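Coordinates in review
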Amino acid sequence: RAKEQGRNQFCFYTQDMTAEARTKLDLESALSRAIERDELLLHYQPQVDGSSGTITGAEALLRWQRSGSGLVAPGQFIPLAERSSLILDIGAWVIDAACRQLRAWMDDGLPIVRVAVNVAARQFAAGDLDQVVARALQRHRIDPQWLEIEITEGMLIVEPGAAIAMLKRIKALGVKLSLDDFGTGYSSLAYLQQFPIDSLKIDQSFTRRIGEQPDGGALVDAVIALAHRLNLRVVAEGVETAQQSDYLRERGCDEMQGYHFGRPAPAETLQQSLAAQGEPPQHEGRALP
Ligand code: C2E
Ligand code: MG
Ligand code: MG
Ligand code: MG
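Residues numbered from 1 in each chain as written. Chains lettered and ligands numbered in written order. Predicted model: local features only at pLDDT ≥ 70, side-chain atom pairs only at ≥ 80, totals over all residues. Heavy atoms only, no water.

With an unreviewed UniProt entry as reference, the protein is termed EAL domain-containing protein, source organism Pelomonas parva.

This is how it looks when you write it as structure tokens:
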């Protein structure tokens, strides 16, 4: 009886695994066709100047409009893509799409801001990210200053020497570099000074603590001081309340990003906010390569 039960359990277990494996396979094959089916798109979330509130940049955040489903968030498919070389195609698509969007805005005579894109660990480690970036900039004739690449601490610690070399090559293109989710990784502070980055992004888990617990701003204060001491800009992520925004402004946080200022939304929404801001197109008259 026990043996029978054990076998039944075993059967149940394998059936379970099969269903799970099938779902994953479906997701993977659907994702592998997402580019050719034109199902990927970028949403843009504004980044505002800490003191004036002016929009100074935007982070491009990937979405998947899967046929038959709604909009799929990156957390639900990036980890899967990262398990194969699929992430390389998707990652290259993201960089190209951001540059294509910048070009479209410029061609339409619309105001533009710096666009930040996220890259995956595997994409960074592949060793040709600088070339992927350079090709996209060239293809769409974008001045490199309008592009920013967001990396995370985890990408830098595995092989710091190779990582520094890659960052230097990307920097040499004229592209900005920022360190995303700062404080959640395990990079040693000693390395921070060797990475040729322009800014630190305070992780939203730290921003959230402001006003939520006594001394909730302690870590934020420390990161702002550290960034400024290293001549880096500091960007707070996940700013959701006026209280957090006020606190960060008082502490001299250079830029802020979060639902308080705007959610990730289609390109047109960012463009409307920029138009409402009434700034003249900053790219007018600029010579482009
Ligand atoms: P991230 O780069 O740290 O992006 C910030 C995430 O926080 C975004 O989630 C954004 O929608 C969310 N967020 C922004 N403001 C607030 C706020 O005030 N409150 C809260 N609770 N959340 C806020 P999203 O778009 O789901 O992206 C999640 C992560 O997926 C990103 O974290 C990034 O690591 C990754 N990701 C997104 N796009 C790409 C991409 O094109 N390539 C790669 N490799 N990863 C991407
Ligand atoms: Mg990011
Ligand atoms: Mg982040
Ligand atoms: Mg993140």
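Topologically, Arg 114 is positioned in strand S4 (residues 114-118). Separated by 59 residues in the primary sequence, Arg 114 and Ile 55 have C-alpha atoms spaced 9.7 Å apart. If sequence neighbours within four positions are ignored, Arg 114 has contacts with Gln 47, Thr 56, Gly 57, Ala 58, Gln 145, Trp 146, Leu 147, Glu 148, Lys 176, Arg 233 and Glu 255. Engagement of the side chain of Arg 114 in a polar contact is seen with the side chain of Glu 255, the distance being 3.2 Å. (Helix = DSSP H or I, 4+ residues; strand = E, 2+ residues; numbered from the N terminus. Contact = heavy atoms within 4.5 Å. Polar contact = N/O pair within 3.5 Å; in protein donor to acceptor, adjacent residues only side chain to side chain.)

Binding of the magnesium ion (ligand 2) to the protein goes through Glu 59 (OE), Asn 118 (OD1), Glu 150 (OE) and Asp 180 (OD), at separations of 2.0 to 2.2 Å. All donor residues of the magnesium ion (ligand 2) come from one chain, and their arrangement in sequence is E-x58-N-x31-E-x29-D. Judged by relative accessible area, which is 3%, Glu 59 ranks as buried. (Donors = N, O, S within 2.8 Å, 3.2 Å for Na, K, Ca; no water. Buried < 20%, exposed > 50% of the residue type's maximum accessible area, 1.4 Å probe, protein only.)

What follows covers the coordination of the magnesium ion (ligand 3). Taken together, the protein donors to the magnesium ion (ligand 3) comprise Asp 180 (OD), Asp 181 (OD), Glu 237 (OE) and Glu 237 (OE), at separations of 2.0 to 2.5 Å. Of note, the magnesium ion (ligand 3) draws all its donor residues from one chain, in the sequence arrangement D-D-x55-E. Between the two metals, the magnesium ion (ligand 3) and the magnesium ion (ligand 2), the spacing is 4.1 Å, and Asp 180 donates to both. In this structure Asp 181 comes out as partly exposed when scored by relative accessible area, which is 26%.

The subject of this paragraph is the side chain of Glu 255. Assignment of secondary structure puts Glu 255 in strand S9 (residues 255-256). A residue is classified by how much of its surface remains accessible, and Glu 255, at 6% relative accessible area, is buried. A polar side-chain atom of Glu 255 sits 3.4 Å from a polar atom in the side chain of Thr 56. Discounting chain neighbours no more than four positions away, the residues touching Glu 255 are Gln 47, Val 48, Asp 49, Gly 50, Thr 56, Arg 114, Arg 233, Val 234, Val 235 and Ala 236.

Turning our attention to the pattern of salt bridges. This structure, assessed with the given rule, holds 14 salt bridges. Here Arg 139 ties to Asp 96 by a salt bridge, and the two come within 2.3 Å at their closest N and O atoms. One end of the pair, Arg 139, is in helix H5 (residues 129-139); the other, Asp 96, is in helix H3 (residues 86-107), with 43 residues separating them in the sequence. Judged by relative accessible area, Arg 139 falls into the exposed class, the value being 51%. Judged by relative accessible area, Asp 96 falls into the buried class, the value being 14%. One salt bridge in this structure joins Asp 221 and Arg 251, with 3.0 Å as the shortest N-O distance. Residue Asp 221 is located in helix H10 (residues 218-229), and its partner Arg 251 is located in the loop between helix H11 (242-250) and S9; the two are separated by 30 residues in the primary sequence. Assessed through its relative accessible area of 25%, Asp 221 is described here as partly exposed. Residue classification places Arg 251 among the partly exposed positions, given a relative accessible area of 37%. A network of salt bridges, in which partner residues are shared, links Glu 59, Glu 150, Lys 201 and Glu 237. (Salt bridge = Lys/Arg side-chain N within 4 Å of Asp/Glu carboxyl O.)

Okay, the pairing of strand S6 (residues 176-182) next. Across the 7 residues of S6, 5 count as buried, placing the element largely inside the fold. Where strand S5 (residues 147-152) lies against S6, 5 bridges are found, and the strand directions are parallel. Bridging from a neighbouring strand, Ile 151 pairs with Leu 179 of S6. In this sheet, strand S7 (residues 199-202) lies alongside S6 in parallel orientation, the contact comprising 3 bridges. Its bridge partner lying in S7, Leu 179 is registered against Leu 200. (Pairing = 2+ DSSP bridges.)

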